Amino acid sequence: MDHLETLRCFVAVADAGGFAVAGRRLGCSAAAVTRAIAALEARLSVLLFQRSTRWVRLTEAGERFLADCRPLLNDLHEAEQAASGAQAEAQGLLSITAPQMFGIQHVAPIVQGFLQAQPRVQVRTLFVNRLVHLLEEDMDVAVRIAQLPDSGLTAVQVGALRRLVVASPAYLAEHGEPHHPNELGAHRAIGFSVDARTPTPWKFKDNLTAQPQFAWISNSNEVDIAAAETGVGLTRCLAYQAAASLRAGRLRVVLADYELPPVPVHIVYPAGRRAPAKVRAFVEFARERLAAEPVLRGRGLVRGQSR
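Scope of this entry: the structure provided in the associated data block. (Residues numbered from 1 in each chain as written. Predicted model: local features only at pLDDT ≥ 70, side-chain atom pairs only at ≥ 80, totals over all residues. Heavy atoms only, no water.)

## Observations concerning the overall build of the protein chain
So, point 1. Along the backbone of the protein chain there are 9 helices and 14 strands.
So, point 2. Principal-axis analysis of the C-alpha atoms gives the protein chain an extent of 75 × 45 × 30 Å.
So, point 3. For the protein chain, the residues scored as buried account for 41% of the 307 residues in total.
So, point 4. Residue pairs in contact within the protein chain that sit at least 24 positions apart in sequence constitute 71% of those at least 6 positions apart. (Helix = DSSP H or I, 4+ residues; strand = E, 2+ residues; numbered from the N terminus. Buried < 20%, exposed > 50% of the residue type's maximum accessible area, 1.4 Å probe, protein only. Contact = heavy atoms within 4.5 Å.)

## Looking at the nonpolar core
So, point 1. In terms of nonpolar packing, the biggest core is built from 45 residues, with Phe102, Val141, Leu161 and Phe282 touching the most fellow members.
So, point 2. Cys9, Val13, Ala22 and Val33 belong to the second-largest nonpolar core, a separate cluster that totals 21 residues. (Core = buried A, V, L, I, M, F, W, Y, C linked by side-chain atoms within 4.5 Å.)

## Here we look at helix 3 (residues 30–44)
So, point 1. When the terminal C-alpha atoms of helix 3 are compared, their 21 Å separation across 15 residues agrees well with the 21 Å that a helix rising 1.5 Å per residue should span.
So, point 2. Every buried residue of helix 3 is listed here: Ala32, Val33, Ala36, Ile37, Leu40 and Glu41.
So, point 3. Residue serine 45 follows helix 3 closely and has a positive phi angle near 60 degrees. (Expected span 1.5 Å × (residues − 1).)

## Notes on the environment of alanine 248
So, point 1. Note that alanine 248 resides in the loop between helix 8 (239–247) and strand 13 (252–254).
So, point 2. For the pair formed by alanine 248 and isoleucine 104, sequence separation is 144 residues and the distance between their alpha carbons is 20 Å.

## Some thoughts on the pattern of salt bridges
A side chain with one charge may pair with a side chain of the opposite charge, provided their charged atoms come close.
So, point 1. Inspection of every chain in the model, using the stated rule, returns 10 salt bridges.
So, point 2. Residues arginine 70 and aspartate 15 are paired through a salt bridge, measuring 2.8 Å at the closest nitrogen-oxygen approach. In this pair, arginine 70 is assigned in helix 4 (residues 60–84) and aspartate 15 in helix 1 (residues 3–16), connecting sequence segments 55 residues apart.
So, point 3. On the accessibility criterion, aspartate 15 (26% relative accessible area) is partly exposed.
So, point 4. Across the salt bridge formed by arginine 51 and glutamate 41, the nearest N and O atoms sit 3.0 Å from each other. Here the residue arginine 51 occupies a position in strand 1 (residues 49–51), and glutamate 41 occupies one in helix 3, the gap between them amounting to 10 residues.
So, point 5. Looking at glutamate 41, the relative accessible area reads 11%, which means it is buried. (Salt bridge = Lys/Arg side-chain N within 4 Å of Asp/Glu carboxyl O.)

## Re the sheet that holds strand 4 (residues 121–127)
So, point 1. Judged by pairing direction, the sheet is mixed, and its 5 strands sit side by side in the order 4-3-5-14-6 without closing on themselves. A strand with exactly one partner marks an edge of an open sheet, and here the two such strands are strand 4 and strand 6 (154–161). Sheet twist, expressed as the average angle between the axes of neighbouring strands with direction ignored, equals 20 degrees.
So, point 2. In the sheet, strand 6 pairs with strand 14 (residues 263–269) via 7 bridges, with the strands oriented antiparallel. For glutamine 157, the partnering residue across the bridge sits in strand 14 and is histidine 266.
So, point 3. The strands touched by helix 5 (residues 100–117) are strand 3 (92–98), strand 4, strand 5 (141–145), strand 6 and strand 14; relative to strand 4, the strand with the most contacts, the crossing angle is about 175 degrees. (Pairing = 2+ DSSP bridges. Axes fitted to C-alpha atoms, helices over the stretch in contact; angles between N-to-C directions.)

## A closer look at the packing of aromatic side chains
So, point 1. Within this structure, the stated rule accounts for 7 aromatic pairs.
So, point 2. Taking the centre distance of 6.3 Å and the plane angle of 70 degrees together, the rings of phenylalanine 19 and phenylalanine 49 count as edge-to-face. Linking phenylalanine 19 in helix 2 (residues 19–26) with phenylalanine 49 in strand 1, this pair joins segments that are 30 residues apart in sequence.
So, point 3. The class for phenylalanine 19 is buried, based on a relative accessible area of 13%.
So, point 4. A connected cluster of aromatic rings, assembled from ring pairs, spans Phe10, Phe19, Phe49 and Phe65.
So, point 5. One Lys or Arg, arginine 236, reaches over the ring of phenylalanine 204 and ends 5.0 Å from the middle of that ring.
So, point 6. Here the basic side chain of arginine 289 rests over the ring of phenylalanine 285, its NZ or CZ set 3.5 Å away from the ring centre. (Phe/Tyr/Trp six-rings, centres within 6.5 Å; stacked < 30°, edge-to-face > 60°. Lys NZ or Arg CZ within 6 Å of the ring centre and 35° of its normal.)

## Things to note about helix 1
So, point 1. With 14 residues, helix 1 should cover 20 Å at 1.5 Å per step; its first-to-last C-alpha distance of 20 Å lies within 8% of that length.
So, point 2. Among all positions in helix 1, only Thr6, Leu7, Cys9, Phe10, Val11, Ala12, Val13 and Ala16 are buried.
So, point 3. Capping the start of helix 1 is the job of one residue whose side-chain oxygen sits 3.2 Å from the backbone nitrogen of leucine 4: aspartate 2.
So, point 4. In the segment just after helix 1, glycine 17 is the residue with positive phi, at about 75 degrees. (Polar contact = N/O pair within 3.5 Å; in protein donor to acceptor, adjacent residues only side chain to side chain.)

## Description of the packing of helix 1 against helix 3
So, point 1. At a minimum axis distance of 9 Å, the contact between helix 1 and helix 3 shows a crossing angle of 110 degrees. One finds that helix 1 runs roughly perpendicular with respect to helix 3. Here helix 1 contributes His3, Thr6, Leu7, Cys9, Phe10 and Val13 to the contact with helix 3, which in turn contributes Val33, Ala36, Ile37, Leu40 and Arg43.
So, point 2. Considering only residue class, the contact of helix 1 with helix 3 consists of 8 nonpolar, 2 polar and 1 charged. (Parallel < 35°, antiparallel > 145°, perpendicular 65-115°, else oblique. Nonpolar A, V, L, I, M, F, W, Y, C, P; charged D, E, K, R; others polar.)

Right, dumping it as structure tokens:
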């Protein structure tokens, strides 16, 4: 392995936090990556990583060396991409991840339009209800519905989603409409839980927390919405999950005065302005369309209202 490839190994290990993950990203074995890092440390006469059986971390010298190496490798990569045309023209495989229901409803239609506009791009989508680590799982772009921690990723906010409590008109007619979170203890509810065991607490503004009578606990937002429509009880959801049911009159929003602030929606990707053309093209394409979605602007939740 030449010195340039060794430096690329070093940056890959620093980004991935491990030799095996870096090897997969580079298309070589963990043993080859380990040998490359050992050779680099011997060449520099300095320890670049602290290692244990469970983690790999940069030393102080490694942090400094990474800060010097990364711009050089980025400049070289950009020059190579420009020479091949990949930096200037969108082409190649683009990997996109998003929460499952949001991906199906809002990202998939955008991908369809993007592929028509960019015939030299192929797309792989991973719609799952878990945090996907872009670098470790070889993804180019993510749609995240959450407050984002500080990271080295570039994030473009495209809107925000209300956090709703909803119920069917039939349920409210039979059991009455709650007007304060404290009244939820007398109501049946459908709760959400990743493991279908302990439902996520229902929190509201002013630090209020409610504990309704959970008649059903599921790990599927689609199931929760469908159960609420049939009158099983109230359920909590993000606005996009219930938008169609609200517009059709199958559900109604309750306790709107006690909603927590909306959850921001971001498009996230690494590399910033140095991202390949396929990434930059998709981010711009998706940004315009998601920013125009009524539900991401707090609209489109009233019967007969689509905008």
